Amino acid sequence: MIAVLQRVKRAAVCVDGKEVGACGEGLCILLGVAKGDGEEDARVLAEKIVNLRIFSDENGKMNLSLKDIDGEALIVSNFTLLASYKKGKRPDYFAAALPDDANRLYEYFCTLTEGEIKHTGRGIFGADMEIEMINNGPVTIVMDSNVLLKKSV
């Protein structure tokens, strides 16, 4: 499972011109589910993300977590994070989980996050979405559950 975290002042996702999810100060999280990912991947990634100290304290040092600042999150499914660009000019997405598996784990990840912070907005799985955000920093971090679980890649 791969997550791209972007620290934001605000973020929103729209489908067909209508806002379907949003968050205030916190993180916009793009989440890609790979073949072979399971609930353990979602658990370890969610736990790491909500406790990651990437928000500034009173001294301007990145020392506070999403939970510490009572922050929010917007979580958007994004299978293109699993793109293979090794050959040719068109990426393939064979490493991405099948839609039913990916949606189940995306929903599970969102539920885990909702249980830890005050608000979690969501995109719509499989929809063509537009994301609008005010990036803060910028601070952008890419996380892979394989690294956290020490799986061979």
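What you see is a predicted model; the values in this text were computed from it and never measured.

Asker: Explanation requested: helix α2 (residues 99-114) in the structure shown.
Answerer: Quick reminder: α-helices carry 3.6 residues per turn. Residues three or four places apart thus point the same way. The first and last C-alpha atoms of α2 sit 22 Å apart over 16 residues, in line with the 22 Å expected at 1.5 Å per residue. Those residues of α2 not exposed but buried are A102, L105, Y106, F109, C110 and T113. All buried residues of α2 project into a common sector of 140° when viewed along the axis, lining one side. Elements that come into contact with the buried residues of α2 comprise β3 (26-32), α1 (39-51), β6 (72-77) and β7 (119-122).

Asker: Any chance you could explain the pairing of strand β1 (residues 2-15) here in plain terms?
Answerer: Each regular strand carries side chains that alternate between the two faces of the sheet. Burial within β1 is extensive, with 11 of its 14 residues counted as buried. Bridging between β1 and β3 involves 7 bridges; their strand directions are antiparallel. Pairing of Q6 across the sheet is with C28, part of β3. Note: β1 against strand β2 (residues 18-23), 5 bridges, orientation antiparallel. Of the residues in β2, the one forming a bridge with C14 is E19. Counted along the chain from β1 to the antiparallel partner β2, the turn is 2 residues long, and its residue D16 has a positive phi close to 55°.

Asker: How do you make sense of the pattern of salt bridges when you look at a structure like this?
Answerer: Oppositely charged side chains can pair when the atoms bearing their charge come close. Counted under the stated rule, the structure contains 8 salt bridges. For R43, the salt bridge goes to E39, with nearest N and O atoms at 3.9 Å. Within this pair, R43 and its partner E39 are both found in helix α1, separated by 4 residues, close to a single helical turn. Exposure remark for R43: the relative accessible area of 40% places this residue in the partly exposed category.

Cut-offs and rules
- Residue positions are given per chain, counted from 1 along the sequence in the order it is written.
- Only residues with pLDDT of at least 70 get local features here, since the model is predicted, and only at 80 or more are side-chain atom pairs given and counted; chain-wide, interface and lining totals rely on the full set of residues.
- In computing side-chain values, all of the structure's heavy atoms are included and hydrogens and water are not.
- Each helix corresponds to a stretch of at least 4 residues labelled H or I by DSSP, and each strand to a stretch of at least 2 residues labelled E; elements are numbered beginning at the N terminus.
- Here a helix's expected span is defined as the number of its residues, less one, multiplied by 1.5 Å.
- Burial here depends on accessible area, computed with a 1.4 Å probe over protein chains only, as a share of the maximum for the residue type. Under 20% is buried, over 50% is exposed, and the range in between is partly exposed.
- Directions pointing from the helix axis toward each C-beta atom define the arc.
- Two residues form a contact once any of their heavy atoms are found within 4.5 Å.
- DSSP bridges decide pairing: two strands pair if at least two such bridges lie between them.
- Basic side-chain nitrogens of Lys or Arg form a salt bridge, by our definition, when they fall within 4 Å of a carboxyl oxygen of Asp or Glu.

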